[in-house]
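# Reading the structure
Listed below are the residues making up each chain.
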Amino acid sequence: MTQRALDSSGEQTPGPSRPAMIDAGAELDPVHPVELPPSGHRATGLTTAEVAERVARGEVNDVPVRSSRSLVEIVRANVFTRFNLIIGVLWVIMLFVAPIQDSLFGFVIVANTGIGIIQEWRAKKTLDSLAVIGEAKPTVRRDGKAAEISTHEIVLGDVVELGPGDKVVVDGTVAEADSLEVDESLLTGEADPVLKRPGDPVMSGSFVVAGGGAFTATKVGREAYAAQLAEEASRFTLVHSELRSGISTILKYVTWMMVPTAIGLIISQLVVKDNNFKDSVARTVGGIVPMIPEGLVLLTSVAFAIGVVRLGRKQCLVQELPAIEGLARVDVVCLDKTGTLTEGGMDVTEVRPLNGSDEAYVHQVLRSLGSSDPRPNASLQAIIDAYPAGDTGGKEAEAGWAVTDALPFSSARKYSGAAFTETDGTSSAWLLGAPDVLLPEGDPTLDEIEHLNQQGLRVLLLARVPSGELDAPDAAEGDVPTALVVLEQRLRPDAAETLKYFAQQNVATKVISGDNAVSVGAVAGKLGLAGAENTLDARKMPTDPDDMATAMEQNAVFGRVTPQQKRDMVAALQSRGHTVAMTGDGVNDVLALKDADIGVSMGSGSEATRAVAQIVLLNNSFATLPSVVAEGRRVIGNITRVATLFLTKTVYSVLLAILVVCTQVEYPFLPRHLTLLSTLTIGVPAFFLALAPNKERAQPHFVRRVMRYAIPSGVIAATATFTTYLVARHHYAGPGALEAETSAATLTLFLTSMWVLAIIARPYTWWRIALVAAMGLGFLIVLVVPWLQDFFALKLVGTTMPWTAVGIAVAAAALLEFSWRLVGRRFGA
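Residues numbered from 1 in each chain as written. Predicted model: local features only at pLDDT ≥ 70, side-chain atom pairs only at ≥ 80, totals over all residues. Heavy atoms only, no water.

Time to look at the overall build of the chain. Tallying secondary structure elements over the chain gives 28 helices and 21 strands in all. Within the chain, the fraction of its 829 residues that count as buried is 56%. Carbon together with sulfur atoms contributes 59% to the accessible area of the chain, which is approximately 34000 Å² in total. (Helix = DSSP H or I, 4+ residues; strand = E, 2+ residues; numbered from the N terminus. Buried < 20%, exposed > 50% of the residue type's maximum accessible area, 1.4 Å probe, protein only. Areas by Shrake-Rupley, 256 points an atom, 1.4 Å probe, with all protein chains shown as cover.)

Below, the structure written as structure tokens:
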């Protein structure tokens, strides 16, 4: 344990330099000062009347917990986009100069925007309801009684109780401290916990790692330090989303291409060609609108939103939306054993006295140790259950043993302890913890313990130590081993299947625990973890990051890991290019959870772990993780597929416009034609494909992967379509020639686009085949139903040109197959 040094008077001497803002943040409110209880007195808290008075003054912790965007932000994000503005202006123009058929694209955009708002609103409601379920409720003393309340109900001057794993929710001053150690690393960067005494400041955003106590709230609401940090960083920007940033990059390039092309098209159609003005405007708009991949952003938002709703039904709270994507990219999962592979509770199976110790006396010591800690961890709770104390209450131990000193368990120390005055007046001091930490290397007792560890049992050593400072660095020196406490851990019934799933998905699993490495390896072996026999004691772990990364890749199970080492292990794996997910539920996991690419916390875990994790499993089921991974893979894999559809349209639209400008011919399409094609070959099928199951692990370089296929597909589609159009211009003549030429070009473009859809829909399933067939049938109906022919201005004239259009489309399909296979062989699928 690291703490500030004490001077001869017992007062703290100044510790390492810390930001001035930390000290300033703990000053008492100058207008309404908060009175601290006298040292040694238990603070009773505010009265109901005092609480009401402070609420009336607005001195309440009213900072909203933002789990999602507000409705106003959702509407703004979906409506006020760059492309909606462009399309909106074009839509208004078309409403004045062309039939309603040529304005259909505007109604499609309205529908798309509405769908996006509704889906994200559904996701918001799911997130908010789950956030309420998973919300931490601090214990506050009011009217002399302790009760749990919501964080936003805390008022200035409230006395808030603290225990291991509790997060400090507002700024305050310590009123009571019982070996209280607070980790402020998330605020100051200092990794070592700080010992707190009455009168010391505590900052919101820090958390308790050992001991307990209470503090008086001195700053609440937006004045609290953590709230000030939250103002600077929205939750929606904390996790990097390659998908969203990639789409933003694509849209940026599309805008650059679109602007000069559109200007050239406008000049070509309105100035150079001496046509009917309204028809020229309609064809100009028809060339600009399909350049915009407007549905791509919508589908991405919808896919994320539906993913949140689906996971919400499985009691999985996604605190940051892009975390769904992040977990899909993970190739290494680091698991904490306790609470992940095993359930939180344990059972004492045996107590083995050592060195001739009296068994009844050992039981008495264990009973008293259980009574000494008001906030026992899982191991000590198992001992309390096996050896319950009497109803003497407070700090009086069983049979008159009085507690004179207590040392809470710390994951850094690996042991806890207590000192007593026994019934006969003698004093004794005891430590309970990891045998390989308390015993010197080579001690014969370790061989017996090793045998138990190999069976997957957890072993604690009870040792008597000379009276002195229990929290001294050398407290364990000269200890006398008194007994071994053998604990059996309860395996999670769903853990084996989950580990099997990760193995099948080529995701490496690393078990990182503070327990004995051999014991952890045995537990992992029982669950079928591949490489469970490759264990490493973290005390022998190299400190060099590169050597540590090698050790991490070569071994699967790590024991006796300190919280700082967990953090270093995550960094070491990331240095080798791995995308790392970390699961945990205890305060010793917080630093690693924060630094991992994706942090996953159990719902029953400490408040601190839930606060820093991107994903919280509210049902505490490790088996939910495969669902999260699958949802992420579905989102990314499918968006990559449908993005190719949208960008193929953008490429062929831009290229067609350039060809029209260069050859000085009429643009072949009206907006209604491309609205029909976009709906049948992109819009409707993309919606279904985006929500389909997809188990492929997400690959990096989203933009490059999409453009490798979209560019050749768009070039082939544009070339084939323009070729058909030029051939048709030489074939047809007289009145109605332009409509016949447009119909032939539309047929080629539809068939070519359908082949792109058919390639993207692979591997085929019955519903994918039905989807492609339904889109083809829809176009056929338009061609044969007279009133639809008139509505969409599509009528094939003669037989020669339509069959020529089909032949050109078949050649284009063959080129598409060749180009996709060439790209696949050269760059990988």
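Attention now goes to the nonpolar core. By size, the foremost hydrophobic cluster in this structure holds 126 residues, and its most contacted members are Leu327, Ile615, Phe622, Ile639 and Phe779. What Phe779 contacts, discounting residues up to four positions off in sequence, is Leu676, Leu677, Leu680, Thr746, Leu747, Phe750 and Leu794. Membership of the second largest hydrophobic core comes to 26 residues, among which are Val209, Leu536, Ala538 and Ala592. (Core = buried A, V, L, I, M, F, W, Y, C linked by side-chain atoms within 4.5 Å. Contact = heavy atoms within 4.5 Å.)

An ideal rise of 1.5 Å per residue puts 27 Å on 19 residues; helix α26 (residues 766-784) measures up with 27 Å between its terminal C-alpha atoms. Buried residues in α26 make contact with α22 (625-663), α23 (671-690), α25 (737-760) and α27 (786-792). (Expected span 1.5 Å × (residues − 1).)

Each regular strand shows side chains that alternate between the opposite faces of the sheet. Buried residues dominate strand β19 (residues 580-584), accounting for 5 of its 5 residues. Of the two faces of β19, both are covered, the one formed by Val580, Met582 and Gly584 as well as the one formed by Ala581 and Thr583. As defined by bridge partners, strand β9 (residues 332-335) adjoins β19 across 3 bridges and the pair is classed as parallel. Bridge pairing links Cys334 to Met582 in β19. Pairing geometry for β19 and strand β20 (residues 598-602), over 4 bridges, is parallel. (Pairing = 2+ DSSP bridges.)

The strand order across the open sheet formed by 8 strands is β8-β21-β20-β19-β9-β16-β18-β17, and the pairing between neighbours is mixed. This sheet does not close on itself; its edge strands, each paired only once, are β8 (316-318) and β17 (535-537). Going across the sheet, the axis of each strand differs from the next one's by a mean of 20°, ignoring polarity. Helix α19 (residues 563-575) contacts β9, β16 (508-512), β18 (557-559) and β19 of the sheet and is inclined by roughly 160° relative to β19. (Axes fitted to C-alpha atoms, helices over the stretch in contact; angles between N-to-C directions.)

This paragraph deals with the pattern of salt bridges. Inspection of every chain in the model, using the stated rule, returns 22 salt bridges. Across the salt bridge formed by Glu350 and Arg352, the nearest N and O atoms sit 2.7 Å from each other. Glu350 gets classed as partly exposed once you look at its relative accessible area, which sits at 32%. For Asp537, the salt bridge goes to Arg539, with nearest N and O atoms at 2.8 Å. Given a relative accessible area of 16%, Asp537 falls into the buried group. On the basis of relative accessibility, which here comes to 44%, the residue Arg539 falls in the partly exposed class. (Salt bridge = Lys/Arg side-chain N within 4 Å of Asp/Glu carboxyl O.)

So, about the confidence of the model for the chain. Confidence in the prediction for the chain averages 80 pLDDT; 86% of positions are at 70 or higher. When mean pLDDT is taken per element in the chain, α26 scores highest with 94 and helix α1 (residues 20-24) scores lowest with 34. Ignoring residues within four places in sequence, the model shows residues 1-40, a span with pLDDT below 50, making 65 contacts including any to other chains. Considering only residues more than four positions removed or in separate chains, one finds that residues 230-238, a stretch of pLDDT under 50, has 14 contacts. (pLDDT = per-residue confidence, 0-100.)

The next point concerns helix α16 (residues 495-504). Buried within α16 are the following residues: Ala495, Thr498, Leu499, Tyr501 and Phe502. Relative to the axis of α16, the buried residues are bounded by an arc of 155° and lie together on one face. Set apart from the buried face of α16 by more than 90 degrees, the exposed residues are Glu497 and Gln504. At its buried positions, α16 is contacted by β9, β16 and α22. (Arc of directions from axis to C-beta.)

What follows is about the environment of Ala323. Tracing the chain through its elements places Ala323 in helix α11 (residues 323-328). Counting along the chain gives 19 residues from Ala323 to Phe304, while the straight-line C-alpha distance between them is 9.8 Å.

A separate point is the packing of α25 against α26. Working note: a packed helix pair is described by the angle between its axes plus the distance between those axes. Two elements in contact, α25 and α26, have axes whose closest approach is 11 Å; the angle formed by their N-to-C orientations is 170°. When the interaxial angle is binned, α25 and α26 end up roughly antiparallel. Across from Thr746, Leu747, Phe750, Met754 and Leu757 in α25, the residues of α26 making contact are Val772, Met775, Gly776 and Phe779. Looking at the contact of α25 with α26 residue by residue, the class counts come to 7 nonpolar, 2 polar and no charged. (Parallel < 35°, antiparallel > 145°, perpendicular 65-115°, else oblique. Nonpolar A, V, L, I, M, F, W, Y, C, P; charged D, E, K, R; others polar.)

Across the interface, α23 lies against α26 with an axial gap of 10 Å and an inter-helix angle of 160°. Taken together, α23 and α26 sit at an angle that is classed as roughly antiparallel. Where α23 crosses over α26, the handedness of that crossing is right-handed. Each of Leu676, Leu677, Leu680, Val684, Pro685, Phe688 and Leu689 in α23 lies in contact with α26, whose residues at this interface are Trp767, Arg768, Leu771, Met775, Gly778, Phe779 and Val782. (Left-handed = near helix turned anticlockwise from the far one by under 90°.)

Together, Leu71, Val75, Val79, Phe80 and Trp121 make up an exposed nonpolar region whose accessible area comes to about 430 Å². Considering each element in turn, the nonpolar patch owes the most residues, 3 residues, to helix α3 (residues 71-79). (Patch = residues over 30% accessible without salt bridge, like charges linked within 9 Å, V, L, I, M, F, W, Y side chains within 5 Å.)

Let us look at the packing of aromatic side chains. One pass over the structure, following the stated rule, counts 12 aromatic pairs. For the ring pair Phe750 and Phe779, a centre distance of 3.9 Å and an interplane angle of 10° mean the geometry is stacked. One end of the pair, Phe750, is in helix α25; the other, Phe779, is in helix α26, and 29 residues separate them in sequence. A residue is classified by how much of its surface remains accessible, and Phe750, at 3% relative accessible area, is buried. Within the aromatic cluster, the residues linked to one another by ring pairs are Tyr361, Trp401, Phe420 and Trp430. Of note, Lys252 hangs over the ring of Tyr253, and the distance from its end group to the ring centre comes to 5.6 Å. (Phe/Tyr/Trp six-rings, centres within 6.5 Å; stacked < 30°, edge-to-face > 60°. Lys NZ or Arg CZ within 6 Å of the ring centre and 35° of its normal.)

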